[in-house]
Amino acid sequence: MKKLNISAAVGALALGVAFSAPAMAAGTSACLITKTDTNPFFVKMKEGATAKAKELGINLKTYAGKIDGDSESQVAAIESCIADGAKGILITASDTKAIVPSVKKARDAGLLVIALDTPLEPISAADMTFATDNLQAGKLIGEWAKATLGDKVKDAKVGFLDLTPSQPSVDVMRDQGFMIGFGIDPKDPNKIGDETDPRIVGHDVTNGNEEGGRTAMENLLQKDPDINVIHTINEPAAVGAYQALKAVGKEKDVLIVSVDGGCPGVKAVQDGQIGATSQQYPLLMASKGIEAIAAFAKDGTKPKATDGKNFFDTGVNLVTDKPAKGVPSISVKEGLAKCWG
């Protein structure tokens, strides 16, 4: 990895407010590093970490890259956290492989590093991962789409609106989970794009935002204007896809499924823009992460994984008002009660 101008890169980050720690936690500090500070998912994550840090008297600094995929700024943030003497780091990695050497440096310096939402590659590179079971989130929307199509599933034309070319682990797991649920052989489960199922129209990347979703959807429509199923990495990308379809009068011809569960996304399900979404809980990820750093600072205790898994599972629910037989789900009303953003 090339040597960074740390001071310059940190200047490009979104730096959050630091709290004054009460006497019981004087000197304990932590960092939250998210992919961006605009996606509602990360906004809620920051909210959860901020509230829990204030409650526990931890001095929290927050950082965010300029866009999803801005790994260089995340590396700079880790350097700053080490230099500041932080006790722990919570991070949603933009590049789950490239960030590993910097994470190792932090752990070697005595910091607890917890990956939030997006596992590092390998997952053992962090002390623990607090996340949705992203493979299960993908399976749920894949199973729902398959059940909803019924006999038409064999003739489906499927497009994938993924995250970034680097294929971070969260992107791969949601993508491959959808395929498994839908009945597509994903081939190498650790890689996107090597499938041979003739129903796949193609993949494109969105950077997880509406503009990217619109452009990616337009590209896939050029490949096959009869595309009728779209898997999206998140709800902003899904809304962008819907806008592109609506612009050409095809919004009622395509089944869109997604993952996130933010309030705007659940409302998009309510409005019929998205058929179903898998809801995850970023506030819980972040608040539990801060609790883990507080415990580590107190006596060196490290968090443990959920039984039977290699990460701490913060839960997932399928949200739809068109339930499918055999696929567990909650209603939009229930999803709105649990949503964020």
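Residues numbered from 1 in each chain as written. Predicted model: local features only at pLDDT ≥ 70, side-chain atom pairs only at ≥ 80, totals over all residues. Heavy atoms only, no water.

Visitor: Could you clarify how one ought to interpret unusual backbone geometry in this entry?
Guide: Negative phi values dominate among residues other than glycine, just as trans dominates among peptide bonds. Cis geometry is adopted by the peptide bond preceding Pro 122, which originates at Glu 121 and carries an omega value of 5°. A positive phi is found at Gln 167, a non-glycine position, where the angle reads about 55°. Relative to the helices and strands, Gln 167 resides in the loop between strand S6 (158-162) and helix H6 (169-182). Residues other than glycine seldom take positive phi values, yet Lys 187 does so here, at roughly 60°. As for its position among the elements, Lys 187 is in the loop between H6 and strand S7 (200-205). Under the relative-accessibility criterion, Lys 187 is labelled partly exposed at 40%. (Helix = DSSP H or I, 4+ residues; strand = E, 2+ residues; numbered from the N terminus. Buried < 20%, exposed > 50% of the residue type's maximum accessible area, 1.4 Å probe, protein only.)

Visitor: What is the right way to look at the state of the cysteines in this model?
Guide: Put plainly, two cysteines are in a disulfide when a covalent bond ties their sulfur atoms together. Taken as a whole, this structure holds two disulfides when the rule is applied. Note on cysteine connectivity: Cys 31 is disulfide-linked to Cys 81, with sulfurs 2.3 Å apart. Between Cys 31 and Cys 81, the disulfide has an S-S torsion of -125° and is therefore left-handed. With Cys 31 in strand S1 (residues 29-34) and Cys 81 in helix H3 (residues 71-83), this pair connects stretches of sequence that are 50 residues apart. Across the disulfide from Cys 263 sits Cys 339; the S-S distance is 1.9 Å. Torsion about the S-S bond of the Cys 263 and Cys 339 cystine: about 90°, corresponding to right-handed handedness. Separated by 76 residues along the polypeptide, Cys 263 in helix H9 (residues 263-270) and Cys 339 in the segment after helix H11 (332-338) bring together distant segments of the chain. (Disulfide = S-S within 2.5 Å.)

Visitor: I'm lost on the pairing of strand S10 (residues 276-279) in this one. Help?
Guide: Within a regular strand, the side chains alternate between the two sheet faces. Neither face of S10 is left uncovered, since the one carrying Ala 276 and Ser 278 and the one carrying Thr 277 and Gln 279 both have all their residues buried. Alignment of strand S9 (residues 255-260) against S10, held across four bridges, turns out to be parallel. Among the inter-strand pairings, Asp 260 is bridged to a residue of S10, identified as Gln 279. Following the backbone out of S9, through H9 and into the adjacent parallel S10, one traces a crossover that is right-handed. Pairing analysis gives three bridges linking S10 to strand S12 (residues 317-319), with the strands arranged antiparallel. (Pairing = 2+ DSSP bridges. Right-handed = clockwise from strand over helix to strand, strands pointing away.)

Visitor: Please clarify how the sheet that holds S1 should be interpreted in this entry.
Guide: Think of a sheet as strands paired side by side through backbone hydrogen bonds, with each pair either parallel or antiparallel. Read from one edge to the other, the open sheet built from six strands follows the order S2-S1-S3-S4-S5-S11, with strand pairing classed as parallel. Looking along the sheet, the strands with just one partner apiece sit at the ends: strand S2 (59-64) and strand S11 (312-313). Packed on one face of the sheet, helix H2 (residues 40-56) meets S1, S2 and strand S4 (112-116) and runs near 175° to S1. The strands touched by H3 are S1, S2 and strand S3 (88-91); relative to S1, the strand with the most contacts, the crossing angle is about 180°. (Contact = heavy atoms within 4.5 Å. Axes fitted to C-alpha atoms, helices over the stretch in contact; angles between N-to-C directions.)

Visitor: In this structure, what is going on with the nonpolar core? I would like to understand it.
Guide: Within the largest apolar cluster, 25 residues are counted, with the highest numbers of intra-cluster contacts made by Leu 161, Met 217, Leu 220, Ile 227, Ile 230, Leu 245 and Ile 256. Contributing elements (two or more residues each) for this core: helix H7 (210-223), helix H8 (235-247) and H9. Here this core gets six residues from one element, more than from any other, and that element is H8. Membership of the second largest hydrophobic core comes to 24 residues, among which are Met 179, Ala 276, Leu 318 and Ala 324. (Core = buried A, V, L, I, M, F, W, Y, C linked by side-chain atoms within 4.5 Å.)

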